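Observations on chain architecture
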Amino acid sequence: MRTAFKIALMILSLIPLYFAAVGAFGGPVPQNGGEPVTAALDNQFRYLSAYYVSLFLLIWWVLGDIDNRGTVLRLLVIAIFLGGVARLYSYLHIGTPEPMQVIGMVLELGAPVLILWQRHIAHSPGPVVP
């Protein structure tokens, strides 16, 4: 069960790493249909994209001791979930985003399942395997 959880987290952690690279180095223009954006929007988009690197690194830090780093994982999942709520707000009030963004929103809104899974692992009998 711990191994499956670790593998799932490893795979899921690649998503923010991908978007960090694409967003920080590619900017928002590709997601804006190729249309230019203001310098302020480009700057903010790239800045926020870089935050995905910290998400990736913190997930990998949690992987080092999933039994005892549940609090950090819960904080990360809450941040991810809140991002999903913000996307849902945009979806409901502005309109339907690109399909990949909808998939991201669904994953973010479903992230609290990871808290339950980690809690189950931390309280299950057996050796604590970092």
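Placed above this text is the structure.
All residue numbers here refer to positions counted from 1 along the written sequence of the relevant chain. pLDDT decides what is reported in this predicted model: residues at 70 or higher carry local features, side-chain atom pairs at 80 or more are listed and counted, and totals for whole chains, interfaces and linings draw on all residues regardless. In computing side-chain values, all of the structure's heavy atoms are included and hydrogens and water are not.

Further remarks concern the side chain of aspartate 67. For aspartate 67, the location among the structural elements is in the loop between α2 (39-63) and α3 (70-93). Pairing of N or O atoms within 3.5 Å defines a polar contact, subject to two protein rules: one partner must be a possible hydrogen donor and the other a possible acceptor, and residues neighboring in sequence count only if both atoms are side-chain atoms. Polar side-chain contacts of aspartate 67 include one of 3.1 Å to the side chain of arginine 2. Strands here are runs of E lasting at least two residues and helices are runs of H or I lasting at least four, both read from the DSSP assignment and numbered beginning at the N terminus.

Let's shift gears to the packing of aromatic side chains. Put simply, two rings from Phe, Tyr or Trp (the six-membered ring, in Trp's case) pair if the centres are within 6.5 Å, and we call them stacked under 30 degrees between planes, edge-to-face over 60, tilted for the rest. Summed over all chains, the structure comprises 5 aromatic pairs. With centroids separated by 5.2 Å and ring planes inclined at 80°, the aromatic side chains of tyrosine 47 and tyrosine 51 adopt a geometry described as edge-to-face. With tyrosine 47 and tyrosine 51 both in helix α2 and 4 residues apart, this pair spans about one turn of that helix. With a 1.4 Å probe rolled over the protein chains alone, any residue whose accessible area is under 20% of its type maximum counts as buried; one over 50% counts as exposed, and the rest are partly exposed. Judged by relative accessible area, which is 44%, tyrosine 47 ranks as partly exposed. We classify tyrosine 51 as partly exposed; its relative accessible area is 46%. An aromatic cluster of three or more residues is present, and its members are Tyr18, Phe19 and Tyr52.

Our focus in this paragraph is the pattern of salt bridges. Note that side chains of opposite charge can pair when their charged atoms are close. Salt bridges are defined as contacts in which a side-chain nitrogen from Lys or Arg sits within 4 Å of a carboxyl oxygen from Asp or Glu. The final tally for this structure, using the stated rule, is 3 salt bridges. A salt bridge links aspartate 42 to arginine 46; the shortest N-O distance between them is 2.7 Å. With a gap of 4 residues between them, aspartate 42 and arginine 46 both fall in helix α2, about one helical turn apart. Since its relative accessible area comes to 27%, arginine 46 is described here as partly exposed.

These results come straight from atomic positions and should not be treated as a statement about function.
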